[in-house]
Amino acid sequence: MQKSQNLFFIALLPPQEIQDYANQIKQYFADQYASRHAQKSPPHITLQPPFEWLDENVPGLEACLQEFASRQKAVPITLSGYGAFVPRVIYINVVRNPELLALQAALMTHLQRELAIVDKVSQTRPFAPHMTVAFKDLTRQNFKAAWPEFQQRELYFEFTADKLTLLRHDGRRWNIKAEFSFLSS
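Report on the accompanying structure. None of these values were measured; they are calculated from a predicted model. (Residues numbered from 1 in each chain as written. Predicted model: local features only at pLDDT ≥ 70, side-chain atom pairs only at ≥ 80, totals over all residues. Heavy atoms only, no water.)

If you walk through the whole model with that rule in mind, you get 12 aromatic pairs. Taking 5.7 Å as the distance between ring centres and 40° as the angle between the ring planes, the aromatic pair formed by F29 and Y33 counts as tilted. A residue pair is termed a helical-turn pair when its members lie 3 or 4 positions apart in one helix, as F29 and Y33 do in helix α1 (residues 16-33) at 4 residues. With respect to burial, F29 and Y33 carry one shared label: buried. What links up through ring pairs into an aromatic cluster is the set Y28, F29, Y33, Y82 and F150. (Phe/Tyr/Trp six-rings, centres within 6.5 Å; stacked < 30°, edge-to-face > 60°. Helix = DSSP H or I, 4+ residues; strand = E, 2+ residues; numbered from the N terminus. Buried < 20%, exposed > 50% of the residue type's maximum accessible area, 1.4 Å probe, protein only.)

Our next topic: the nonpolar core. L12, F29, L65, I77, L79, I90 and L164 are the most contacted members of the largest nonpolar core, which has 47 residues in total. At 6 residues, helix α2 (residues 58-69) tops the list of elements feeding residues into this core. Residue contacts for L79: discarding those within four places in its chain leaves I18, I92, N93, V94, M131, L155, Y156, F157 and F159. Judged by nonpolar contacts, the second largest core, of 5 residues, contains F9, A11, L167 and W174. (Core = buried A, V, L, I, M, F, W, Y, C linked by side-chain atoms within 4.5 Å. Contact = heavy atoms within 4.5 Å.)

Structurally, F150 can be placed in helix α5 (residues 140-151). Sequence-wise, F150 and L167 are 17 residues apart; in three dimensions their C-alpha atoms are separated by 28 Å. Those residues in contact with F150, other than ones at most four positions away along the chain, are I25, Y28, F29, Y82 and I90.

That is the geometry; function is a separate question.
Here's what the structure looks like:
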């Protein structure tokens, strides 16, 4: 019998009102620039990029994340304006702060030590927190049209991230599998 693997990733999700705002921006990109791929996941800040995991080992993954989260303090998050990874990605900019950088680094270390989950790409470049609103299917031409519109657009939100979210891919889109509250929430 073949063991079933699924794709997972770990992220911070903003409060619902910020998700609603980000989803409106994603819908705008779908309508105006034919970029729909970002709509396949809830608005989020990726901490651990997608990785494959056996279904039968999910309880161990969840226990590991619960143990990690229970020792973390809530993290202040500031969203300010827009940014881009030229030539295909436009995102809501997440302001880097020591607490967020420390949380991400600690999570990566914990997952590597406890479960041997390693993201090779993350090891070769610095953590760049962001909340994607258009990518993959945003053509270079549409990027050139959209970026000047968003480059100067104002956006500002503050929230406190008080839990980790494990997301699972169902073959079409990413869904919340489980949430793990931080110590201080």
